[in-house]
Amino acid sequence: MRKPEPIVTMLKQHAERLQSQPLSALFTHDPERFQRFSITAEGILFDFSKNLIDEAAYHTLLQLAAPVADWQAKMRAGAYINSSEQRPVLHPALRHPLMAGYSVDGQNIMPAIHAVLQRMRDFSHAILSGEYRGYRDHPITDIVNIGIGGSDLGPRLAAQALRPYQQSLRCHFVANVDGFELHHLLPTLNPATTLFIVTSKSFTTRETMLNAATARNWFTQQAPASAVEKHFVAISANQTAVRDFGIAPQHIFEFWDWVGGRFSVWSAVGLALMLAIGPTHFDAFLAGAHQIDNHFFSAPAAQNMPILMALIGYWNRSILGYNSLCIAPYHAGLEALPTYLQQLDMESNGKQVQRDGLPVATPTAPIVWGQAGTNCQHAFFQLLHQGTEICPVDFIAAAQAAHPYVAQQRSLLANCLAQAEALLQGRPFDAALASVDATAVASTGQEEVATASWQMAQQRHFPGNRPSNMLLLPRLGPHELGMLLALYEHKIFVQGVLWQINSFDQWGVELGKSLAQNLERDLVAETIQFPHDSSTLGLLAYLKAQA
Ligand SMILES: O=P(O)(O)OC[C@H]1O[C@](O)(CO)[C@@H](O)[C@@H]1O
């Protein structure tokens, strides 16, 4: 790593100063702390007061955001900010409502975006109304999205989160190349009433191509080959490859190379979602994201939620050195959010060199992980409270429930706030000792009651002083989900600016893909064709012997 910038050195000095006291003391000394370190924008509350910052550290952090405006302008102007792939980055255009606003190489891209959106709406209306018929003149009952990574995670997450808005179709998502998924799904489907959506920006991704071919074989074993046209549609930026696969041109929904896979749920990649929740709710999802775009592109840094989220993330990762970020959505519909954000964050900012090829000056993306609350409390929260690692947490909750069970919602929210409070405050040793029942200790027969009590209190002591953020939404409908995902997209973009990295390429996934091609061949070859280390050779030998 290179020598850090002077501002990073200043931030490290703030961190050293602040680490000499517990986080809870910052609350004791400043009754206004919540007001100082939380903002409400577009109806969403972001509370970052439970982080180890004070006014001085916060103002230094804000200075770090100075270059963001320039990068925002570059993004909006369609500059080729994905420099290693020579592409603009324009996912905000996908939710922009007007027919003007974004151009690439001087060409207004809005008419093309809106034309595809309209085709998606027309297609969805036809399917949902039953007007669109399968090859045996039946309406469609099931859709299967075949895609992986960005061509799967966004629509999968949103379709789950927006279950209350679900229309008539059963929606299935197949991503893994492991045949396990299709093997169990296909027998449950009727080819005459199933629509397969093959989603792949490149239309070369091995997993998707293998799964799509398997689905097509299954289909043609039961239906005439000419029926493929009615039952397979494709979402891709590679029209030639789609046509070669045998999908009819009128069933290709286009998107463009200026949309990164992990930022593509707003494009035709969202077709499965639109079919799941209907075009009106999909439009609300886009409108929510657009509302956050407007906020992000206009609010000053100190009132700009994605910028503040990015700065706090930078502080925890690059200055305090915490190496992970736990995503804990207290909403069962957001169960897939940690996985979605894993790709968004780690594939974008998991980089070790800057745009200029030089090594980064500080650690970059955290390891993103998590699970929906309250399940997470019964799985790994033990480690968060008493383990030797400090893992910052993003808590996310919606005030209003998407169900009628009032007591459950109250308990869910109470648990969410309680966990954040417990991480902050901890339980001091004295309180832990007071909670130990000395009579019960004595009754265990241990001679040294004082020692036994001390030991028990040590187990019950919580150090606290563990940072977290809280994002509170009024409810989780399509509009709010659009807002939430756009907030994280912009956060990650800003962090890329702070780390001076290109957040929009993903060269790190290429090597494994090409080695897998060699290994696929070696798994069936009589004699090994490609060079491998002795470990890989040993593993290959085992697998070949078992095959
Ligand atoms: O949409 P495609 O081209 O099939 O790619 C799927 C995914 O594979 C990756 O290229 C690598 O994991 C992701 O960036 C992308 O979302």
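These numbers come from a predicted model, not from an experiment. (Residues numbered from 1 in each chain as written. Predicted model: local features only at pLDDT ≥ 70, side-chain atom pairs only at ≥ 80, totals over all residues. Heavy atoms only, no water.)

Focus on the sheet that holds strand S12 (residues 393-398)
Within the open sheet, the six strands sit side by side as S1-S2-S13-S12-S10-S11. Their pairing is mixed. Looking at strand neighbours, the two that pair on one side only are strand S1 (38-41) and strand S11 (367-370), the edges of this open sheet. Neighbour-to-neighbour, the strand axes of this sheet turn through a mean angle of 15°, independent of strand direction. With six bridges connecting them, S12 and strand S13 (residues 468-473) associate as parallel partners. Residue pairing across strands places valine 393 opposite serine 468, the latter belonging to S13. Strands in contact with helix H14 (residues 305-319) are S1, strand S2 (44-47) and S13; relative to S2, the strand with the most contacts, it is inclined by about 25°. (Pairing = 2+ DSSP bridges. Helix = DSSP H or I, 4+ residues; strand = E, 2+ residues; numbered from the N terminus. Axes fitted to C-alpha atoms, helices over the stretch in contact; angles between N-to-C directions. Contact = heavy atoms within 4.5 Å.)

Observations regarding the pairing of strand S5 (residues 142-146)
Burial runs high along S5: five of the five residues are buried. Here S5 shows a buried face lined by Asp142, Val144 and Ile146 and a second buried face lined by Ile143 and Asn145. Bridge count for S5 against strand S6 (residues 170-174) is five bridges, and the pairing is parallel. Looking across to S6, one finds that valine 144 is bridged to histidine 172. Traced from S5 through helix H7 (residues 153-161) to S6, the parallel crossover comes out right-handed. Summarising the sheet, S5 and strand S7 (residues 194-199) pair through five bridges and their orientation is parallel. The residue bridging isoleucine 143 from the neighbouring strand is leucine 195, located in S7. (Buried < 20%, exposed > 50% of the residue type's maximum accessible area, 1.4 Å probe, protein only. Right-handed = clockwise from strand over helix to strand, strands pointing away.)

Notes on helix H5 (residues 68-76)
Within H5, the full set of buried residues consists of Val68, Trp71, Gln72 and Met75. One side of H5 holds all its buried residues, which, seen down the axis, span an arc of 105°. On its buried face, H5 sits against helix H13 (279-298), H14 and helix H21 (478-499). Glycine 78, located one to two residues past H5, shows a positive phi value of around 75°. (Arc of directions from axis to C-beta.)

Overview of the confidence of the model for the protein chain
Predicted confidence across the protein chain gives a mean pLDDT of 96, with 97% of residues reaching 70 or more. Among the scores for the predicted complex, ipTM is 0.98 and pTM is 0.96. (pLDDT = per-residue confidence, 0-100.)

Points about the packing of aromatic side chains
In total, this model carries 23 aromatic pairs according to the counting rule given. Ring geometry for tyrosine 135 versus phenylalanine 219: centroids 5.9 Å apart, planes at 75°, classification edge-to-face. In this pair, tyrosine 135 is assigned in the loop between helix H6 (110-129) and S5 and phenylalanine 219 in helix H9 (residues 206-220), connecting sequence segments 84 residues apart. By way of ring pairs, the aromatic residues Tyr135, Phe196, Trp218, Phe219 and Phe232 are connected into one cluster. (Phe/Tyr/Trp six-rings, centres within 6.5 Å; stacked < 30°, edge-to-face > 60°.)

Here's the deal with empty space enclosed by the protein
Using the criterion set out here, one finds five cavities of 30 Å³ or more in the structure. What the largest cavity holds in volume is close to 130 Å³. Around the largest cavity sit 15 residues that line it, and Ile312, Gly313, Asn316, Leu325 and Lys491 are the ones nearest its centre. Secondary structure elements with two or more residues in the lining of the largest cavity: H14, strand S10 (324-330) and H21. A volume near 50 Å³ is recorded for the second largest cavity. What lines the second largest cavity is simply Leu94, Ile113, Val116, Leu117, Met120, Trp256, Trp266, Ser267 and Ala268. (1 Å grid on protein atoms, 1.4 Å probe; cavity = no way out; pocket = protein on both sides within 12 Å on 5 of 7 lines; lining within 4 Å. Points joined across faces, edges and corners; volume = space filled by probe spheres on them.)

Description of the domain arrangement of the protein chain
What the domain assignment lists for the protein chain is domain 1 (4-65 + 299-426 + 462-504), domain 2 (91-284) and domain 3 (508-546). Distance between the C-alpha centres of domain 1 and domain 2: 33 Å. Contacts between the two partners involve 25 residues from domain 1 and, on the opposite side, 21 residues from domain 2. For the domain 1 and domain 2 pair, buried surface summed over both sides reaches about 2000 Å², with 66% attributable to carbon and sulfur atoms. Inspection of the domain 1/domain 2 interface yields two salt bridges. Among the salt bridges present, the one from glutamate 347 reaches arginine 262, with a minimum N-O distance of 2.9 Å. Across the domain 1-domain 2 interface, the total number found is eight residue pairs in polar contact (both at pLDDT 80 or more). In terms of residue count, H21 provides more of the side of domain 1 that touches domain 2 than any other element does, eight residues in total. Here the residues of the side of domain 1 that touches domain 2 are counted per class, giving 13 nonpolar, nine polar and three charged. (Domains from an automatic or database assignment. Buried area = accessible area lost by both parts, 1.4 Å probe. Salt bridge = Lys/Arg side-chain N within 4 Å of Asp/Glu carboxyl O. Polar contact = N/O pair within 3.5 Å; in protein donor to acceptor, adjacent residues only side chain to side chain. Nonpolar A, V, L, I, M, F, W, Y, C, P; charged D, E, K, R; others polar.)

Observations concerning the nonpolar core
Membership of the largest hydrophobic core comes to 122 residues, with the highest contact counts inside it found for Trp315, Leu337 and Leu471. Beyond its immediate sequence surroundings of up to four residues, leucine 471 is in contact with Ile44, Leu45, Phe46, Met305, Met309, Phe395, Ile396, Ala397, Leu484, Leu487 and Tyr488. Residues Val144, Ile146, Phe219 and Ala241 belong to the second largest nonpolar core, which totals 25 residues. (Core = buried A, V, L, I, M, F, W, Y, C linked by side-chain atoms within 4.5 Å.)

A closer look at the UniProt feature "active site" (unreviewed entry) in the protein chain
The feature "active site" (unreviewed entry), as given by UniProt, occupies Glu347, His378 and Lys513 in the numbering adopted here. Taking the farthest pair of C-alpha atoms as the criterion, the annotated set spanning 167 residues is dispersed, since that pair is 36.1 Å apart. Here the residues from the annotation list that line the largest pocket are Glu347 and Lys513. By the secondary structure assignment, glutamate 347 is in helix H15 (residues 337-349). For glutamate 347, the contacting residues outside a window of four places in its chain are Arg262, Gln342, Asp505, Gln506 and Val509. On the basis of relative accessible area, lysine 513 is assigned to the partly exposed category, the value being 46%. (UniProt positions renumbered as here; feature names shortened; annotations may be inferred.)

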